[in-house]
Amino acid sequence: MKVFDLDMIQRVYERYPARIAAARKVVGRPLTLSEKILYAHLWEGDASAGFERGKSYVDFAPDRVAMQDATAQMALLQFMQAGKKRVAVPSTVHADHLIQAKVGASKDLQDSLNQNNEVFNFLSSISNKYGIGFWKPGAGIIHQVVLENYAFPGGMMIGTDSHTVNAGGLGMVAIGVGGADAVDVMAGMAWELKFPKLIGVKLTGKLNGWTSAKDVILKVADILTVKGGTGAIVEYFGEGALSLSCTGKGTICNMGAEIGATTSTFGYDESMRRYLIATGRQEVVNAADAIAEHLTGDKEVYAEPEKYFDQLIEINLSELEPHVNGPFTPDRGTPISKMREEATTNGWPLQVEWGLIGSCTNSSYEDLARAASIVKQAVAQGITPKAEFGINPGSEQVRYTAERDGILADFEKMGTKVFTNACGPCIGQWAREGADKQEKNTIVHSFNRNFSKRADGNPNTHAFVTSPEMVAALAIAGDLGFNPITDTLTNDKGEQIKLNPPVGDELPTKGFAVEDNGYQAPAEDGSNVEIAVAPDSQRLQLLENFTPWDGQNIMGAKLLIKAKGKCTTDHISMAGPWLRYRGHLDNISNNMLIGAENAFNGEANKVKNQLTGEYGEVPAVQRAYKAAGIPSIVVGDHNYGEGSSREHAAMEPRHLGVRAVLVKSFARIHETNLKKQGMLGLTFANEADYDKIQEDDTFDFLDLQAFAPDEQLTLQINHSNGVSEQIKVNHTYNASQIEWFRAGSALNLIKKMEA
Ligand code: MIC
Ligand code: SF4
C-alpha cells in the first residue's frame, strides 16, 4: 500500500534543518525534542523570537487533523459553515465511538450500521466532499489507525479527541482539541496554543517480568495526579525509553491525557524505525533518518535535564512494579503487592467480574500477544477463568493479524468475547447484562479512563485500569488482590499453579496483514457532493450562529448549579447512550451537567429553579431561564472539564443560555472550547470565594465592558438576604480570544472574515 501523504511528510522534513537553526538562534541554548517540534511548526515559518513557556500564545501550523465519529459530526457541521471547498491539510475521520459491544463483532457491527446509518452516511459524504479520508466502522480506533498509517516522527497534528496524544509514541507532538480548533486548521488558518511548559521523564533500567509500558504511565499518573500535567508537554528520554516498543510508547503518551498534559512524546529511535517498517513505511524511515538528529532532544539536554525542563521525574523501569489504578479516577495508583490491603481497607469489592482488554491505549498486536500468553497458560494448565472476558482489537489490521497468528483463538478458548475494532466499553458502548441493577462490583480493564459510570453506566461499578497482561491475570483469578508475581491459582486438578510472566512479539514475525482495512479515499473533486441533513432528523442538526455579545455588562445572572468535586466532561455531557445525539445540539443539550454533583444537596441533576423555588433537572431549569430571557452561570471546582475533548460540554451551555463558567481551575481543552464557543471561562482569583456562592445568588459582571487581556474582572454576588459582595475573577483570554467572545464564537469570526 502507498504511504499516506508522503509528500507532505517530506516537505516537513525538508524545512526542518532551517527551522531548527532559527530556533537555536532565538532560544540560545540546547533544545528539547518538544521545542524542536514546536519551533519547526510555527505559523510564521522560521522563528523570529523565543517564546515564554506557560505564557506566550503562539500560532502553529499543524501538519494534519484527525477526528472521530462522535466529535467529527460537530466539527464538520462547523466546518461546513466556514465556506471552504476543501480541507487545507490532510485530515481523516474515523468511525469508532458509535459501535456498541454486546455479543461480538459481526452482529454488533451490523446493528451499529443499522442504528447509526444516518450519521455514518453524513460523515462519509461530508468527508468525500471536503477531501477527508474516511475510515469506516470496524476499521479501528482512531488513535491506533493514526499510529499505523499517519503518525510520523517530528510531525505535529491535532485531533478532536483527547487521546490524539497517542501519536507521541511515534515521536509526534499530537494534541487533543475541540472541533472548533480543528476547523481553524482545516480552514487553512493558524492554530493557537499557549507555549507549553516541559516536564521531563527520565527512564532508566529496563522493564521485566510482569511490568509493562502501561505501568510507566500508571506510575506517572500517580505522581502527577489528574491535573499535574496541565499546560505541559511530557518528554520521555533515557536508556529506558529506548528499550520500549513503539506501541508501548504510544500507551504511555496516550494516558498522558489523564494527567491533563498537553501531549507527551519520545525521540525518534530504533523502536520507531521497526514499527514504521512493519507498517509499510520504509520511505518515512528513509526521510526521517536523513534528519534524525533533529527528531530527538539535544545530548546536552538529556545529560543535564534539570537545566532544561520545568519539572523532572525519574523512573527506574527495573524496579517498577505492576500497578492497578482506580477506582473512579485514573491517578489513584496501587502497586499490585499492596492491592489486597488497599481494597480491603477501602471496601472495594475484591471479586473481579469482568476483564476488558482494548481501547486506544492498549490494543496493539503486542498488547494482545502478551495478554494471550497468560490466557494460554491458564487454558493449558486447566485453570478456569473466574471473570468474564472481552477484547476490542485496535484496528482491523491488528485483528486480522492476531487472528492469523492464533492469538484470537487463544482468547476464544477461554470464552472471550471478541468485540468490534472500536472503542466499545471504553466509552460506555457496552450493553453489559445486569448493569441496570446497579450492584456494587469490580471490573478491571486496560483502558485509560475509569470515571464513575463510564463503562457500563452503573455508578457502583469499581473500574480499575491496568495493563492487558494484568487484566488477563486478574480476570482469570477473579480476584483484584491476586499478585501473579507471588501468588498461585488452583487448577481443575486442585494443583497450585504459578503463572509465568507474559511474553509476546512486539511486532508480528510474519508481518502485518489485512484484507480490507476499511479506508475510503475522498473524491478528487467533491464540489458536486450534496450533504443532506433532514430538517426533522433526531441525530443531526445544522448549526445556527450563536448571538454576538451585545456590548453590555451581564446583569442579574442566576446560579444554575454550583458543582462540587470532580466534574469531568462525562459529568457535563455524558457519553454512552447520549453519543447518538452528538450531531444534534438541541437534543444533546438535554444531558447538560446531569452528572454533576450539586454542592447544596449532594445530588446529581437536581437544582433549584430560582424562578419557582422548585427543584428540577439541570437542563430543564436552564431551559426555563432561557425561555425567560435570564442569563445564568455555572460554578465549579478544580480541574473542571477534565477528560474528553468533546466541545458539546461547552456548546450545550452556550446553546441553552449559560453565559459564564466560574471555577477554581480548568482542564486545558475544555477551557479553550468554552472560549471558542463564545462563553466566559473564568477562575476565582481567590479560591476560597467558591464558598461564598449560595444557592439563590444572582450575579452582575460589573466591568465586562472593559474586558481586556491580563485584567481581572469584577463580579458582584447578590445574595438573597440582600447582602452583596464583590469578588475578583481571573481569565486567560488574549486579545483575539476576546474577539471570539465579542463575535459570539470563533466560528462567527471566521464567517465574518470570509464574507
Ligand atoms: C473519551 O475517551 O472520553 C472520548 C470519547 O474519546 C472523548 C471524545 C468524545 O467525547 O467524543 C475524548 O477523549 O476526547
Ligand atoms: Fe475511544 Fe476510549 Fe480511546 Fe476515547 S479513550 S478514543 S473512547 S478507546
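Our structure's up above, just so we're on the same page.
Owing to the predicted nature of the structure, the values given are computational and were not obtained by experimental measurement.

A.B. asks: Can you walk me through unusual backbone geometry in this structure?
C.D. replies: Backbone phi values are negative for most residues with the exception of glycine, while trans is the configuration of most peptide bonds. The residue after Gly326, namely Pro327, is reached through a cis peptide bond having omega -5 degrees. Residue placement: Pro327 occurs in the loop between strand E12 (323-325) and strand E13 (333-335). Despite not being glycine, Leu593 shows a phi value in the positive range, around 60 degrees. With respect to the secondary-structure elements, Leu593 resides in the loop between helix H19 (585-588) and strand E23 (607-608). Overall, the relative accessible area of 1% leaves Leu593 in the buried class. Unusually for a residue other than glycine, Asp710 sits at a positive phi of about 60 degrees.

A.B. asks: I would appreciate a short explanation of the packing of helix H7 (residues 213-224) against helix H9 (residues 246-254) in the present structure.
C.D. replies: Following both chains from N to C, one finds H7 and H9 inclined at 20 degrees, their axes separated by 8 Å at the closest point. Taken as axis vectors, H7 and H9 run roughly parallel relative to one another. In this structure, the crossing between H7 and H9 has a hand that is right-handed. Together, Ala213, Lys214, Val216 and Ile217 of H7 and Gly248, Thr251 and Ile252 of H9 make up the contact between the two elements. Grouping the amino acids of the contact of H7 with H9 by side-chain chemistry returns four nonpolar, two polar and one charged.

A.B. asks: Got a minute to help me understand the layout of surface pockets in this structure?
C.D. replies: Empty space among the atoms becomes apparent when a probe as large as a water molecule is rolled across them. Taken as a whole, the largest pocket spans an internal volume of roughly 1200 Å³. Lining the largest pocket are 49 residues; nearest its centre among them are Tyr57, Lys194, Lys675, Thr732 and Gln737. Those elements giving two or more residues to the lining of the largest pocket turn out to be strand E1 (57-60), helix H6 (179-186), strand E7 (191-194), helix H22 (668-676), helix H23 (735-743) and helix H24 (746-754). In terms of residue count, H22 provides more of the lining of the largest pocket than any other element does, seven residues in total.

A.B. asks: For this particular structure, what's the right way to read the site of ligand 1?
C.D. replies: Around ligand 1, the surrounding shell holds 14 residues, and the nearest of these are Asp161, Ser162, Arg454, Arg582 and Arg646. A distance of 2.8 Å separates an oxygen atom of ligand 1 from a polar side-chain atom of Gln68. Ser162 places a side-chain nitrogen or oxygen 2.5 Å from an oxygen atom of ligand 1. About the coverage of ligand 1: the protein hides 97% of its 330 Å² of free accessible area. Its residues placed into classes, the shell around ligand 1 shows two nonpolar, seven polar and five charged.

Rules used in this analysis
- Residues numbered from 1 in each chain as written.
- Chains lettered and ligands numbered in written order.
- Predicted model: local features only at pLDDT ≥ 70, side-chain atom pairs only at ≥ 80, totals over all residues.
- Heavy atoms only, no water.
- Helix = DSSP H or I, 4+ residues; strand = E, 2+ residues; numbered from the N terminus.
- Buried < 20%, exposed > 50% of the residue type's maximum accessible area, 1.4 Å probe, protein only.
- Axes fitted to C-alpha atoms, helices over the stretch in contact; angles between N-to-C directions.
- Parallel < 35°, antiparallel > 145°, perpendicular 65-115°, else oblique.
- Left-handed = near helix turned anticlockwise from the far one by under 90°.
- Contact = heavy atoms within 4.5 Å.
- Nonpolar A, V, L, I, M, F, W, Y, C, P; charged D, E, K, R; others polar.
- 1 Å grid on protein atoms, 1.4 Å probe; cavity = no way out; pocket = protein on both sides within 12 Å on 5 of 7 lines; lining within 4 Å.
- Points joined across faces, edges and corners; volume = space filled by probe spheres on them.
- Near = heavy atom within 4 Å.
- Polar contact = N/O pair within 3.5 Å; in protein donor to acceptor, adjacent residues only side chain to side chain.
- Areas by Shrake-Rupley, 256 points an atom, 1.4 Å probe, with all protein chains shown as cover.

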